[in-house]
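Understanding the architecture of this molecule
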Amino acid sequence: RYTRTGVIRSMDIPMGAWLTNGLASLATPVSWTNASDSLQFADAVTNTTRVQFALPLTWGTGVVRWKFVMASTITNSTTSTNVVYGIKGASVASEGTWDSLTFGTQITFTNHIHRSPYVGIECVTGDLTIGNTPAANKPVVFELTRMTSDATDVNTNTVSVISAQVFYTESATEPTMPATTQ
């Protein structure tokens, strides 16, 4: 075993992994110009989507950051192309409840959508703290919402999220194999 500090890793989370069922005012899964899956977030509606996965055993249980690529299929007719999103996360413990998740504080981030159609813009969030005592290799639910009620969300088009990636810092020591539960 060896120790290390400050090693940053990333995981690509396919857009097809994001769930839309069971949520009020959900985002719409669509094919992005035959290139990949995407999720569309409409104007004037607070659309939401969720994804659930376990962060790796090497995750140091600290904050995470997300990088999204977003674009529109329509030419933006104004110079006001600001879109506001919020993201939050909740860990689910063994024998924990899935119907009343305890999310960490939602963070908001702003993405300026390109005025030309089909041009993706990258957006990296600030630090996100996951709620409910997260631990490596435990399921985590992340919820992404377009915050159209925010006065600074002035884009009047439907916007697509076409790529998502999560960044985390590794633990300082090498993880051990999980114990069996026989």
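All of the points below concern the structure found in this document. (Residues numbered from 1 in each chain as written. Predicted model: local features only at pLDDT ≥ 70, side-chain atom pairs only at ≥ 80, totals over all residues. Heavy atoms only, no water.)

1. Observations concerning the packing of aromatic side chains
As a reminder of what qualifies: Side-chain rings of Phe, Tyr and Trp, where Trp is taken by its six-membered ring, are said to pair if the distance between their centres is within 6.5 Å; with planes under 30 degrees apart they count as stacked, over 60 as edge-to-face, and otherwise as tilted. The helix count covers DSSP runs of H or I at least four residues long, the strand count covers runs of E at least two residues long, and both are numbered beginning at the N terminus. To sort residues, take the accessible area from a 1.4 Å probe on protein chains only and compare it with the maximum for the residue type: under 20% means buried, over 50% means exposed, and anything in between is partly exposed.
Enumeration according to the criterion identifies nine aromatic pairs in this entry. Taken together, a centroid distance of 5.3 Å and an interplanar angle of 85° make the contact between phenylalanine 41 and tyrosine 85 edge-to-face. Taken together, the positions of phenylalanine 41 in strand E3 (residues 36-41) and tyrosine 85 in strand E6 (residues 82-91) put the pair 44 residues apart, joining distant regions of the chain. Given the relative accessible area of 0%, phenylalanine 41 is considered buried. The exposure class assigned to tyrosine 85 is buried, which follows from its relative accessible area of 0%. On the basis of an interplanar angle of 70° and a centroid distance of 6.3 Å, the ring pair of phenylalanine 53 and tryptophan 66 is categorised as edge-to-face. Of this pair, phenylalanine 53 sits in strand E4 (residues 48-54) while tryptophan 66 sits in strand E5 (residues 59-71), placing them 13 residues apart in sequence. In textbook terms, an aromatic cluster arises when at least three aromatic residues are bridged by ring pairs, as seen for Trp18, Phe41, Phe53, Trp66, Phe68, Tyr85, Phe109 and Phe142.

2. A look at the environment of valine 161
Inclusion rule: Whether two residues are in contact is decided by their heavy atoms, any of which lying within 4.5 Å being enough.
Mapping valine 161 onto the fold places it in strand E10 (residues 159-170). Judged by its relative accessible area of 0%, valine 161 falls in the buried class. On a C-alpha basis, the gap between valine 161 and valine 69 in space is 5.9 Å, while along the polypeptide they are 92 residues apart. Residue contacts for valine 161: discarding those within four places in its chain leaves Met15, Ser38, Leu39, Phe41, Phe68, Val69, Met70, Tyr85 and Leu144.

The values reported here are purely geometric and, on their own, carry no functional implication.
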